[in-house]
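# Coordinates in review
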Amino acid sequence: MGKNILILNGSPRKTGNTAGLTKAFAEGAESAGHKVTEFFLDSMNIHGCKGCWAGDSSKDCPCVQQDDMNQIYPVAKACDIVVLASPLYYWNMSGQLRTAVDRLFALEEGGDNLLRGHDRGAVLLMAAEGDDFEDVALYYDHLTKHLKWNNLGKVLCGGVAQPGDIKDRPELEEAKKLGASL
């Protein structure tokens, strides 16, 4: 039986190197019978978390803020795997992705904790001009540990500054194989 996979793409470029990784990953996952839903966060209206502790996971729209996260919440609730995809910005995930991840906290408030655990898996896909992924990999490892998500793998592609630089890179095949292996 196929898995439901949520891709949160935090790149500002719809056809950039991060998009190349998500496309390859999705092709692999779909070839294995999984359902993939990708959100391109840069084109969405998502506000930062207010830290109000007023969310309620039992609601269809668990956050008190009513914005485009309402499109993501039902997919996040139902997914088996969360893919965090981003270019490397200041040794971390992009602001677009970090904002969406922060807002997923509403799924932990109020009723049932719908984010933590539930035998959910996670994948990290990243592209960068440089190759220093140490800090973001540490953050991702801590995030998956605290959320009790199974860390299913990372594909980290350095040396890709301009859109299209990822073409013919082995990391594309690595992403595709990772998607197919789930």
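This section reports on the structure supplied with the text. Computed from a predicted model, the values in this text were never measured in an experiment.

Counting residues in each nonpolar core, the largest one holds 32 residues, and the members touching the most others are Leu-8, Leu-41, Ile-72, Leu-84 and Leu-104. Among all residues touching Ile-72, those that are not within four sequence positions of it are Leu-6, Leu-8, Phe-39, Leu-41, Met-44, Ile-46 and Leu-104. With 21 residues, the next largest nonpolar core counts Leu-21, Ala-85, Val-123 and Val-160 among its residues.

This part covers a negative patch on the surface. Together, Asp-131, Asp-132, Glu-134 and Asp-135 give the surface a local cluster of negative charge. Residue position: Asp-135 is located in helix H4 (residues 134-147).

Our focus in this paragraph is the packing of helix H1 (residues 17-31) against helix H5 (residues 170-181). It is the contact of H1 with H5, at a shortest axis distance of 6 Å, that shows an interaxial angle of 35°. Every pair of crossing elements has a handedness; the one defined by H1 and H5 is right-handed. Across from Gly-20, Leu-21, Ala-24, Phe-25, Glu-27, Gly-28, Ala-29 and Ser-31 in H1, the residues of H5 making contact are Glu-171, Leu-172, Ala-175, Lys-176, Leu-178, Gly-179 and Ala-180. Here the contact of H1 with H5 is built from residues that sort into 8 nonpolar, 4 polar and 3 charged.

Glancing now at the environment of Lys-77. Turning to its location among the elements, Lys-77 is positioned in helix H2 (residues 69-78). In this structure Lys-77 comes out as partly exposed when scored by relative accessible area, which is 27%. A C-alpha to C-alpha distance of 9.5 Å links Lys-77 and Asp-60, two positions 17 residues apart in sequence.

Strand pairing in a sheet relies on backbone hydrogen bonds. The paired strands run either parallel or antiparallel. On the basis of which strands lie adjacent, the open sheet formed by 5 strands has the order E2-E1-E3-E4-E5 and parallel pairing. A strand with exactly one partner marks an edge of an open sheet, and here the two such strands are strand E2 (35-40) and strand E5 (150-157). Going across the sheet, the axis of each strand differs from the next one's by a mean of 15°, ignoring polarity. Both strand E1 (residues 4-9) and strand E3 (residues 81-87) contribute to a ladder of 5 bridges, which runs parallel. Across the sheet, the residue bridging to Leu-6 is Val-82, located in E3. H4 contacts E3, strand E4 (121-127) and E5 of the sheet and is inclined by roughly 165° relative to E5.

Rules behind the numbers
Counting restarts for each chain: residues are numbered from 1 in the order of the written sequence. Per-residue local features are limited, in this predicted model, to residues with pLDDT of at least 70; the limit for side-chain atom pairs, both in listing and counting, is 80 or more; totals at the level of whole chains, interfaces and linings are taken over all residues. Side-chain numbers come from the whole structure's heavy atoms, not from hydrogens or water. Residues enter a nonpolar core if they are buried and are Ala, Val, Leu, Ile, Met, Phe, Trp, Tyr or Cys, with the set joined through side-chain atoms within 4.5 Å. Relative accessibility decides the category of a residue: with a 1.4 Å probe and only protein chains considered, values under 20% of the type maximum give buried, values over 50% give exposed, and everything between is partly exposed. Only heavy atoms matter for contacts: two residues are in contact if any of them lie within 4.5 Å across the pair. Each patch is built from residues lacking any salt bridge and having more than 30% relative accessible area; the joining distance is 9 Å for like charges and 5 Å for nonpolar side chains (Val, Leu, Ile, Met, Phe, Trp, Tyr). Surface accessibility in these figures is a Shrake-Rupley result with a 1.4 Å probe; residues are shielded only by whichever protein chains are displayed. Just to be clear on terms, a salt bridge is a Lys or Arg side-chain nitrogen sitting within 4 Å of an Asp or Glu carboxyl oxygen. For this count, His and the chain ends are skipped, Lys and Arg are scored as positive, and Asp and Glu as negative. Each charge is placed at NZ for Lys, CZ for Arg, CG for Asp and CD for Glu. Each helix corresponds to a stretch of at least 4 residues labelled H or I by DSSP, and each strand to a stretch of at least 2 residues labelled E; elements are numbered beginning at the N terminus. Structural elements are reduced to axes, namely lines fitted to C-alpha atoms, with helices fitted over the stretch in contact, and the angle between N-to-C directions of any two is expressed from 0 to 180 degrees. Here is the rule for handedness: rotate from the far helix to the near one, and if that takes an anticlockwise turn smaller than a right angle the crossing is left-handed, while a clockwise turn gives right-handed. Three residue categories are used. Nonpolar comprises Ala, Val, Leu, Ile, Met, Phe, Trp, Tyr, Cys and Pro, charged comprises Asp, Glu, Lys and Arg, and polar comprises the others, including Gly. Two strands form a pair only when DSSP identifies at least two bridges running between them.

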